[in-house]
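# A structural walkthrough
Read off the chains here:
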Amino acid sequence: MRKKERRNMLEEIPVLKDNLVLEVAEQEKYLIVPRSAWLERVATKLLKQPTQRRIKLDEHGYFILSQMDGETTIPEMEERFSRTFGNEDGMSLSRLVRFLQIMDSYSWLQWKRG
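Residues numbered from 1 in each chain as written. Predicted model: local features only at pLDDT ≥ 70, side-chain atom pairs only at ≥ 80, totals over all residues. Heavy atoms only, no water.

Per an unreviewed UniProt entry, the protein chain goes by PqqD family protein and derives from Listeria weihenstephanensis.

Printed below as a string of structure tokens:
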């Protein structure tokens, strides 16, 4: 049996998957996620539900997601985040990593080696 490879998020570069889009509409910020699972596709047709989900983001989440250009590392994101929003309690890196873990749990991120 093969051991699961442990990865260090700080050595990798997060990137939003290609089918996800950031949108700003009427001063609100959203992450647009297409409903592509087979059950969701059936629900969109039979129940006339929207073909995509609009997830409302706060300014912190939008800032982090907008930094994902395929070249920016997590430490660089944290530095920019701290410069923009401040880091009085010293917890900005742990909050950033937790946000990325949540995004990754939904399979909305790809990871590149830094």
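Still more ground to cover, so stick around.
This part is about the overall build of the protein chain. Scanning the protein chain for helices and strands turns up 4 helices and 5 strands. In the protein chain, the order of α-helices and β-strands from amino to carboxyl end is β-β-β-α-β-α-α-α-β. Along the first, second and third principal axes, the C-alpha atoms of the protein chain reach 50 × 50 × 25 Å. Split into buried and exposed, the 114 residues of the protein chain put 32% on the buried side. Contacts in the protein chain between residues far apart in sequence, at least 24 positions, make up 58% of those at least 6 positions apart. With the model as given, the accessible surface of the protein chain reaches about 8300 Å², and the carbon-plus-sulfur share is 50%. Of the side chains in the protein chain, 20 bear a positive and 18 a negative charge, and the two mean positions are spaced by 10 Å. (Helix = DSSP H or I, 4+ residues; strand = E, 2+ residues; numbered from the N terminus. Buried < 20%, exposed > 50% of the residue type's maximum accessible area, 1.4 Å probe, protein only. Contact = heavy atoms within 4.5 Å. Areas by Shrake-Rupley, 256 points an atom, 1.4 Å probe, with all protein chains shown as cover. Lys, Arg positive; Asp, Glu negative; His and termini not counted. Charge placed at Lys NZ, Arg CZ, Asp CG, Glu CD.)

Within the fold, Leu57 resides in strand β4 (residues 52-57). Ignoring anything within four residues of it in the chain, the contact list for Leu57 reads Leu22, Lys29, Tyr30, Leu31, Tyr62 and Leu65.

With that settled, consider the packing of aromatic side chains. Counted by the stated rule, this structure contains 4 aromatic pairs. With a centroid separation of 5.4 Å and 90 degrees between ring planes, the pair formed by Phe63 and Phe85 is classed as edge-to-face. With Phe63 in helix α2 (residues 59-66) and Phe85 in helix α3 (residues 74-85), the pair connects residues that are 22 residues apart, well separated along the chain. Considering the side-chain rings of Phe81 and Phe85, the 4.9 Å spacing of their centres and the 45 degrees angle between planes classify their relative orientation as tilted. Here Phe81 pairs with Phe85, and both are found in helix α3, just 4 residues apart, close to one helical turn. The partly exposed category is assigned to Phe85, whose relative accessible area is 25%. Through successive ring pairs, a cluster of aromatic residues spans Phe63, Phe81 and Phe85. (Phe/Tyr/Trp six-rings, centres within 6.5 Å; stacked < 30°, edge-to-face > 60°.)

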